[in-house]
Amino acid sequence: MKKYLIIGAVLVVIVVVVAYFMFFTKEVDDIAENGPIKSEIIPKIDQIPLFEDMLAAGISWDYDKDRFFISTDQPHGLFTEKIASFFVVTNTLDKISYKKDLDTDGDLEGIAYIGNNEVAIISEIGTVYYLKEIDNEWEETRRVSLFKEDGQHKLSSLAYDPINGQLYSAEKEGKKIIYQISRNGDLINSFEFNVGDVAAKREFDIYKDYTIAGMTYGNRHLYIFSEAYSTIFKYNPETKHLATVYGVSGIHESSGITIKNGVAYLVGDFEDYLPAPNFYKVNIPD
Ligand SMILES: [Ca+2]
């Protein structure tokens, strides 16, 4: 009897410890000022509460109709359905105007408006879902697997370059590989995110210290957002040159970024140890 009590007590301790690490330890340090490299600290100018229970992961601005698109994780429960969602939100970010549930192979992570009333959304393992608006309804037109062979991928971002008609995504953790993708979902090229000899305040390792949680395109650059240290890398994907590094102060862990008229809109990440997430607005210097 005593033996079973001891085994029981040990199991309870294990469960508590695992739960603690799952729910209460910080995933990353989200304080920009702590980041090892930053050229400039820029403060948030506004925040707007995220919709309750919206597990937002990605955000994209519709430059044709001035509204936002949001992609979400699947519900976080163990036995929940494999459904993730796509939302259309008004330009004030306080009203949902459309929602569509999609049966997906994992969390939807990055989202990008690709013009012509079409949206591309990428899942963590690299399936690109295409949606098109027809008579105020969004229909899934295609889904494409980015990687033809099996491999370990953790994608969290999607950006669209409307000048060259190309998409970009990247590995979130570890070796920072950026993928260049045709508008149709064919993998064209991949290359390492190279920060070059940017003035380092202290020793750092781009593989370990930073994550690529979100990405957007503007001014012929990718704006690559790291959840760790709430940092934005402005990077030219054609010349492979890092233009500058911004640290965004006053925000919590965020998972997506888009730019509208020189203002970056970030969407906060859901973490049990953080307060309810927000949208954040940040002025991007010229
Ligand atoms: Ca997080």
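Residues numbered from 1 in each chain as written. Predicted model: local features only at pLDDT ≥ 70, side-chain atom pairs only at ≥ 80, totals over all residues.

Engineer: Help me understand the overall build of the protein chain, please; the structure alone is not making it clear to me.
Structural biologist: Of the regular secondary structure elements, the protein chain holds two helices and 20 strands. Computed over C-alpha atoms, the radius of gyration of the protein chain comes to 19 Å, within 12% of the 19 Å expected from 2.2 N^0.38 for 286 residues, which places it in the range of a compact globule. Relative to its full complement of 286 residues, the protein chain shows a buried share of 38%. For the protein chain, long-range pairs separated by at least 24 residues make up 49% of all intrachain contacts whose partners lie at least 6 apart in sequence. (Helix = DSSP H or I, 4+ residues; strand = E, 2+ residues; numbered from the N terminus. Rg over C-alpha atoms; globule rule 2.2 N^0.38 Å. Buried ≥ 20, exposed ≤ 12 C-beta atoms within 10 Å, placed from the backbone. Contact = placed C-beta atoms within 7 Å.)

Engineer: Would you take a moment to explain unusual backbone geometry for this structure?
Structural biologist: A positive phi angle is found at R220, which is not glycine, with a value near 60 degrees. The partly exposed category is assigned to R220, around which 13 C-beta atoms lie within 10 Å. Although it is not a glycine, N261 adopts a positive phi angle of roughly 50 degrees. In this fold, N261 is placed in the loop between β18 (254-260) and β19 (263-268). By C-beta crowding, N261 is classed as exposed, having 9 other C-beta atoms within 10 Å.

Engineer: Even after reading the chapter, I still don't get the pairing of strand β2 (residues 56-62), so can you show me in this structure?
Structural biologist: Each regular strand carries side chains that alternate between the two faces of the sheet. Burial analysis of β2 places six of its seven residues in the buried class, which makes it a mostly covered element. Counted between consecutive antiparallel strands, the loop separating β2 from strand β3 (residues 67-72) contains four residues, among which D66 sits at a positive phi close to 45 degrees. (Pairing = 2+ DSSP bridges.)

Engineer: Quick question: what am I supposed to make of the sheet that holds strand β9 (residues 137-145) here?
Structural biologist: Strand-to-strand pairing in sheets goes through backbone hydrogen bonds, with the strands running parallel or antiparallel. Across the sheet, which stays open at both edges, the four strands sit in the order β6-β7-β8-β9 with antiparallel pairing between neighbours. With partners counted over all chains shown, the strands left at the sheet margins are β6 (108-113) and β9, one partner each. Pairwise comparison of adjacent strand axes, ignoring direction, gives a mean angle of 25 degrees for this sheet. Looking at chain direction, β6 and strand β7 (residues 118-123) are connected through five bridges and run antiparallel. Directly across from L108, in β7, lies its bridge partner S123. (Axes fitted to C-alpha atoms, helices over the stretch in contact; angles between N-to-C directions.)

Engineer: Would you take a moment to explain the sheet that holds β18 for this structure?
Structural biologist: Pairing is mixed across the open sheet formed by eight strands, whose spatial order is β14-β15-β16-β17-β1-β20-β19-β18. The open sheet terminates on both sides in strands that have one partner only, identified here as β14 (214-218) and β18. Averaged over all neighbouring strand pairs, the angle between strand axes comes to 30 degrees, with direction disregarded.

Engineer: Would you mind going over the environment of P237 with me for this structure?
Structural biologist: Note on placement: P237 falls in the loop between β16 (231-236) and β17 (241-249). You can call P237 buried: it has 21 C-beta atoms within 10 Å. Distance in space between the C-alpha atoms of P237 and I178 is 8.9 Å, their sequence separation being 59 residues.

Engineer: Mind showing me how you'd approach the pairing of β3 here?
Structural biologist: By the criterion of burial, β3 is predominantly enclosed, with five of the six residues buried. When β2 meets β3, the two strands line up antiparallel, connected through six bridges. Of the residues in β3, the one forming a bridge with I59 is I70. When β3 meets strand β4 (residues 83-89), the two strands line up antiparallel, connected through four bridges. Looking at the pairing, S71 lines up with F86 of β4.

Engineer: Help me out: how do you make sense of the environment of I114 in this one?
Structural biologist: Mapped onto the elements of the fold, I114 is located in the loop between β6 and β7. For the pair I114 and Q166, spaced 52 residues apart in the sequence, the C-alpha separation amounts to 8.8 Å. Once residues within four sequence positions are removed from consideration, I114 is found in contact with V119, A120, Y160 and R183.

Engineer: How do you make sense of the environment of E173 when you look at a structure like this?
Structural biologist: Locating E173 in the fold gives a position in the loop between β11 (166-170) and β12 (177-182). Sequence separation of E173 and N91 is 82 residues, and the distance between their C-alpha atoms is 31 Å. The contacts of E173, once residues within four sequence positions are left out, are K154 and T211.

Shape is all these values report; function is a separate question.
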